[in-house]
Amino acid sequence: MRDVLFELADRVANGETVGVGTVVATFSSAPRPAGAAMLVTEGGEAIGSVSGGCVEGAVYDLAQAGDDPVLQRYGVSDDDAFAVGLTCGGIIDIYVEKINAETFPQLAEVVETVRAEQPVAVATVVEHPDGIGRRMVVWPDRRAGTLGSARIDDAVTDDARGMLASGRSGVLQYGPDGQRRGEGMSVFVNSFEPPPRMLVFGAIDFAAAMARLGAFLGYRVTVCDARPVFATRTRFPEADEVVVDWPHRYLERESSKLDERTVIAVLTHDPKFDVPLLEVALRLKVGYVGAMGSRRTHEDRLQRLREAGLTESELEALASPIGLDLGARTPEETAVSIAAEIISLRWKGSGRRLVDLGEPIHH
């Protein structure tokens, strides 16, 4: 939904009613994750994607068919997948609704929160014996709207905040009146957590390529270097911020703002920058710490870090030499190699060619 949220808000603000199809659950080898969304405008334009092309036509027709929300399941067995259109053989549940200023009065406030890079979750009833479509917006410290009763609202608020804290979107199951051990009501929680951060240290040409790719992947990118002549906005236009400071000092200041989605790429391969920086980085609970350099540089760096007091367990978190073996030569190819390693570790991929694997593509 984040991909189409601002477009949706602009159209609703202009008085338009927009059909929205949202993936709320996936099973087996589904091509898009929960939260992926497609808009169908009053003019018939389709924006976004829910399946990478497999069932967009069916969702498009459903979004134009009527005003009542509907939960639709797409997908069959692998043998019959071509007949239905979901050629991957997976199963996806898509919730289709009409959104305008009346059906989603909190939309503008949700967008304002997302623009401010603050967390917010939207909880929608997608299955219930008394009807679907009720919506509640949940912030860390308040909520707006109702799902039908105080009991339901309290239960979903607690669970939605837990999902928001971990950046997860998905369906929660309750009894019809919010009973935690019941069934009959399904609530889709769409989490809009702030974008993950990518910290790139070393204002070199590889950092410029990494900043471009990081921004493309949805990270909030910071480039940091102690040398003001190199760390300039002109050299790194794709970065969200360019900081002139000693890398370890900047990281110490920012440490409380980082989380397990944060990735740190140390591209300076200069001991006077690398070692103090990695002393800090390898003791943080972040998702990835990688450092550029040859194997000889890596061994020297490890020795310096041991002398600085880091344990073997802490050193095991260091991805160095950085990246996957793609045969990269240019800064852009190297950036792809680093990004591939980050993605592989995040989703526990093997990094091997898919043609050589016999297992499902989407784990």
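Here is what the cut-offs are and how they apply
- Residues numbered from 1 in each chain as written.
- Predicted model: local features only at pLDDT ≥ 70, side-chain atom pairs only at ≥ 80, totals over all residues.
- Heavy atoms only, no water.
- Patch = residues over 30% accessible without salt bridge, like charges linked within 9 Å, V, L, I, M, F, W, Y side chains within 5 Å.
- Areas by Shrake-Rupley, 256 points an atom, 1.4 Å probe, with all protein chains shown as cover.
- Salt bridge = Lys/Arg side-chain N within 4 Å of Asp/Glu carboxyl O.
- Helix = DSSP H or I, 4+ residues; strand = E, 2+ residues; numbered from the N terminus.
- Buried < 20%, exposed > 50% of the residue type's maximum accessible area, 1.4 Å probe, protein only.
- Contact = heavy atoms within 4.5 Å.
- Axes fitted to C-alpha atoms, helices over the stretch in contact; angles between N-to-C directions.
- Parallel < 35°, antiparallel > 145°, perpendicular 65-115°, else oblique.
- Left-handed = near helix turned anticlockwise from the far one by under 90°.
- Nonpolar A, V, L, I, M, F, W, Y, C, P; charged D, E, K, R; others polar.

1. A short note on a nonpolar patch on the surface
A grouping of F216, L217, I343 and W347 is seen on the molecular surface, where their side chains present a nonpolar patch of about 480 Å² in accessible area. Of note, L217 is situated in the loop between α6 (205-216) and β12 (220-225). Exposure remark for L217: the relative accessible area of 36% places this residue in the partly exposed category.

2. Some points on the environment of V122
Here V122 shows up in strand β6 (residues 120-127). Owing to a relative accessible area of 7%, V122 belongs among the buried residues under this scheme. A sequence separation of 23 residues divides V122 from G145, and the C-alpha atoms of the two residues are 10.0 Å apart. Not counting chain neighbours up to four residues away, the residues in contact with V122 comprise F104, V110, R135, M136, V137, F188, V189, N190 and F192.

3. Concerning unusual backbone geometry
Backbone torsion omega between S320 and P321 reads -5 degrees, so that peptide bond is classified as cis. Looking at the element boundaries, P321 is found in the loop between β16 (318-319) and α11 (331-347). The residue E117 is not glycine, and still its phi comes out positive at about 60 degrees. Structurally, the position occupied by E117 is in the loop between α4 (107-115) and β6. With a relative accessible area of 31%, E117 lands in the partly exposed category.

4. Some points on the packing of helix α8 (residues 271-281) against helix α9 (residues 295-307)
Interhelical geometry of α8 versus α9 gives an angle of 50 degrees and a closest axis separation of 10 Å. On the basis of their axis angle, the class for α8 and α9 is oblique. As α8 runs across α9, the sense of the crossing is right-handed. Of the residues in α9, those touching α8 at P271, D274, V275, L278 and E279 are R301, R304 and L305. Taken together, the residues of the contact of α8 with α9 sort by class into four nonpolar, no polar and four charged.

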